[in-house]
Structure formats: structure tokens, C-alpha cells
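Structural features, examined
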Amino acid sequence: MDQAVDAATLGAAAGGGSLSLWGLFLQASVVVKLVMIGLIGCSIWVWAIIFDKIVTLRRVERQATAFEDKFWSGGSLDDLYESEGAKPTHPMAAVFGAAMGEWRRSSRIPGVDLVHGGVQERVDRAMSITITREMERLERWMIFIATIGPVAPFIGLFGTVWGIMHSFSSIAAMHNTNLSVVAPGISEALFATAIGLVTAIPAVIGYNVISNSLAHFQDRLDGFGTEFAAILSRQSEERA
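Being a predicted model, the structure only gives us computed values, none of them experimental.

A few points about the overall build of the protein chain
A tally of regular secondary structure across the protein chain gives eight helices and zero strands. Secondary structure of the protein chain in N-to-C order comes out as α-α-α-α-α-α-α-α. Looking at the protein chain as a whole, 40% of its 240 residues qualify as buried. Carbon and sulfur atoms form 63% of the exposed surface of the protein chain, whose accessible area is close to 13400 Å².

Considering the pattern of salt bridges
Summed over all chains, the structure comprises eight salt bridges. Measuring nitrogen to oxygen at the nearest pair gives 3.1 Å for the salt bridge that ties Arg104 to Asp78. Residue Arg104 is located in helix 5 (residues 91-107), and its partner Asp78 is located in helix 4 (residues 77-85); the two are separated by 26 residues in the primary sequence. You can call Arg104 buried: its relative accessible area is 15%.

Observations concerning the UniProt feature "transmembrane region" (unreviewed entry) in the protein chain
Within the UniProt annotation, "transmembrane region" (unreviewed entry) is assigned to residues 24-50, 141-165 and 185-210. Its end C-alpha atoms 29 Å apart, residues 24-50 is made of 93% helix and 0% strand. For residues 141-165, the helix share is 96%, the strand share is 0%, and the end-to-end C-alpha distance is 35 Å.

A closer look at a nonpolar patch on the surface
Together, Phe154, Leu157, Val161 and Met165 give the surface a local cluster of nonpolar side chains, amounting to about 420 Å² of exposed area. Along the polypeptide, Met165 turns up in helix 7 (residues 142-174).

Focus: unusual backbone geometry
Excluding glycine, most residues fall at negative phi; most peptide bonds, likewise, are trans. A positive phi angle, near 75 degrees, is found at Trp141, a position not held by glycine. You can see Trp141 is positioned in the loop between helix 6 (119-138) and helix 7.

Rules of the game
Residues numbered from 1 in each chain as written. Predicted model: local features only at pLDDT ≥ 70, side-chain atom pairs only at ≥ 80, totals over all residues. Heavy atoms only, no water. Helix = DSSP H or I, 4+ residues; strand = E, 2+ residues; numbered from the N terminus. Buried < 20%, exposed > 50% of the residue type's maximum accessible area, 1.4 Å probe, protein only. Areas by Shrake-Rupley, 256 points an atom, 1.4 Å probe, with all protein chains shown as cover. Salt bridge = Lys/Arg side-chain N within 4 Å of Asp/Glu carboxyl O. UniProt positions renumbered as here; feature names shortened; annotations may be inferred. Patch = residues over 30% accessible without salt bridge, like charges linked within 9 Å, V, L, I, M, F, W, Y side chains within 5 Å.

Below is the structure:
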């Protein structure tokens, strides 16, 4: 017959195994330890990606603002192309360089009709391809965060289920259901779920915030491309 849990049993539970985070890790089975280590590694990588994306987005936004100031200052587009567009160092300069480069090459073709010769379509295509390429570069590793967010809790849950199964096996082998036998194993198992949640929550929040910032920046590039295409179209008509 199972023994009642009294004060003496609770005292034994407290001294039977360390319930600190490090103690729970050391007492866990090999499978649960592997789950914990994997989740901790994923958490570190998620935070590294989040930090990198935040820093990168702030930098390209700052560079885009500085470039737009130069673009709308009324200076020569050819001079701006030579200084910024020929060898772009940020996405907006790359979009400008792709469009301006295509327009300059087309305008040098003998007898070309800048208005009806398909120049505008080539310029639009060049900007569209450049925007897609630059956004793909900025979105690199976002799929990892998007995957870890929903998957990490289930990986932690797997560790929990495995740990509980291991605990029940120990209980059956010892023929004892005292708290000193049950508590450590259950705590180790639940610790895996806790790590899974700690990994998933920042990943989900970070993915949503960064995705929104990326979408905003893409809209900014698209808007600049549309405005620049209109300028080039007007210049083409003036030359014609």
C-alpha cells in the first residue's frame, strides 16, 4: 500500500536530489539532456539571428534615408550613379544603380526609341529583380526562426514525455511512490518543456516584428522604384 506523503517524506524529497536548474539537467536521462542541449543551441542561434536582423535593418534604413536625401537634393543623377549606383553598398543604392545602369546602356544604343523601344520595361524589370534579390538577402535565416517558433514547444514536450516515462520506470522498479521518488523525475521532464517555451516565445515575437520591418522596407524600395521609373520615363520623353 502506498505510503502517505507527510512532513518526513517532503524533507526526503528536498534532500533526495537537487531541484536547481543545473541539478535538473544533470539528473535528466540522456535523451532529455540531448533535447535540452538542442533547444538551448536553437535559442542561442535564434537570439543571434534576431540581433543581426535588428542591427542590419536599422543600418539599411539609415543608409536609405541618407541616399534619398542625396537623390532628392536636385543633383545630377549621373554623378549620383558614379558615386553610389555603380558599386552599391546598400539595397536602395542597388535599386537605383540597376535602373540607372539599364537606362544609360539603352540610351547609348544608336537610333533607340527611349519611349517606345521597350526601355521602360527593361528598367522596371531590372529594379524588380534587384529588389527581390536584396530582400532575399535581408530575409536570410528568417525561415529558421519561423520554424523554431512553432516546433520548439513540441520538441520540449517530447523531452517531457520521455522523462515522465523514464520516471515511471524508476517508480515501478523501486515499488515506491513517495514524493522523493516522483518529484525529481517529473521536474526534469517538465524542465524540457520550459526550455522549449523559452526558445519558442522569442522566436515567434522576433519573427513577427522582423517580418513587419522587412515588409515595410520592401514597400519603401518599391515606392522609390516607382518614383524613379517615373523620372526616367519623363527624361526619356524629353530626349525623344
